Amino acid sequence: KKRELGFLKYCQLADNYPRSVYAPVALRSAIFVYLYSENEMELRRIIPVCLRIIEDYPDSYYWVNGFSHLLGVYEVLRDKQGAIMTMRELIKKFPGTKISEEANRRLREIEKWEFK
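Anyway, here's the lowdown on the structure attached to this text. (Residues numbered from 1 in each chain as written. Predicted model: local features only at pLDDT ≥ 70, side-chain atom pairs only at ≥ 80, totals over all residues. Heavy atoms only, no water.)

## Details of the pattern of salt bridges
Worth spelling out the cut-off: By definition here, a salt bridge exists when the distance from a side-chain nitrogen of Lys or Arg to a carboxyl oxygen of Asp or Glu is within 4 Å. Where helices and strands are cited, they refer to DSSP runs of H or I of at least four residues and of E of at least two residues respectively, numbered from the N terminus. Each residue is placed in one exposure class: buried if its accessible area under a 1.4 Å probe, protein chains only, is under 20% of its type's maximum, exposed if it is over 50%, and partly exposed if it falls in between.
A complete count under the given rule lists eleven salt bridges for this structure. One salt bridge in this structure joins Asp15 and Arg52, with 2.6 Å as the shortest N-O distance. Separated by 37 residues along the polypeptide, Asp15 in helix α1 (residues 2–16) and Arg52 in helix α3 (residues 40–56) bring together distant segments of the chain. Given a relative accessible area of 46%, Asp15 falls into the partly exposed group. Two residues, Arg52 and Asp56, come together in a salt bridge whose shortest N-O distance is 3.6 Å. Here Arg52 and its partner Asp56 are both found in helix α3, four residues apart, which amounts to about one turn of the helix. The class for Asp56 is partly exposed, based on a relative accessible area of 45%. Salt bridges linked by common partners bring Glu102, Arg105, Arg106 and Glu109 together as one network.

## A closer look at the environment of Gly82
Relative to the assigned elements, Gly82 resides in helix α5 (residues 80–93). Counting along the chain gives 41 residues from Gly82 to Met41, while the straight-line C-alpha distance between them is 15 Å.

## Regarding the packing of aromatic side chains
Rule in force here: Whether two aromatic rings pair depends on their centres lying within 6.5 Å, for rings of Phe, Tyr and Trp, where Trp uses its six-membered ring; planes under 30 degrees apart make the pair stacked, over 60 edge-to-face, and the rest tilted. Here, a charge over a ring is recorded when the distance from Lys NZ or Arg CZ to the ring centre is within 6 Å and its angle to the ring normal is within 35 degrees.
Counting across every chain of the model gives four aromatic pairs. Ring centres of Trp63 and Phe67 lie 5.3 Å apart, and the angle between their planes is 80°; this geometry places the pair in the edge-to-face category. Here Phe67 and Trp63 lie together in helix α4 (residues 63–76), a separation of four residues that amounts to about one turn. Assigned by exposure class, Trp63 and Phe67 land together as buried. When the ring centre of Trp63 is taken as reference, the NZ or CZ atom of Lys98 above it lies at 4.6 Å.

So, in structure tokens, the structure goes:
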């Protein structure tokens, strides 16, 4: 319960003050609430937060962390298709930007994933 409350408070902080320099920091903190969870549902809660950092704060110091954590979650979940689909959506949604450039780079990494 306390973790969920912390997660929601960090997200709410970014919602209430989206232009604050602390908004991406709050979102990164929200990610860390569940990043090491063994619960699949908790891990999946991180995905939209990572996407929010990537999409809304491309000039943030934490922007690349958004990609790293996003791929890390998909890898732990062994969801190669979900990761591929997400990267393709970013490429389509943000053509010709650093977001699509990074998504292309990450897509090449994902295609090499093999789970046993």
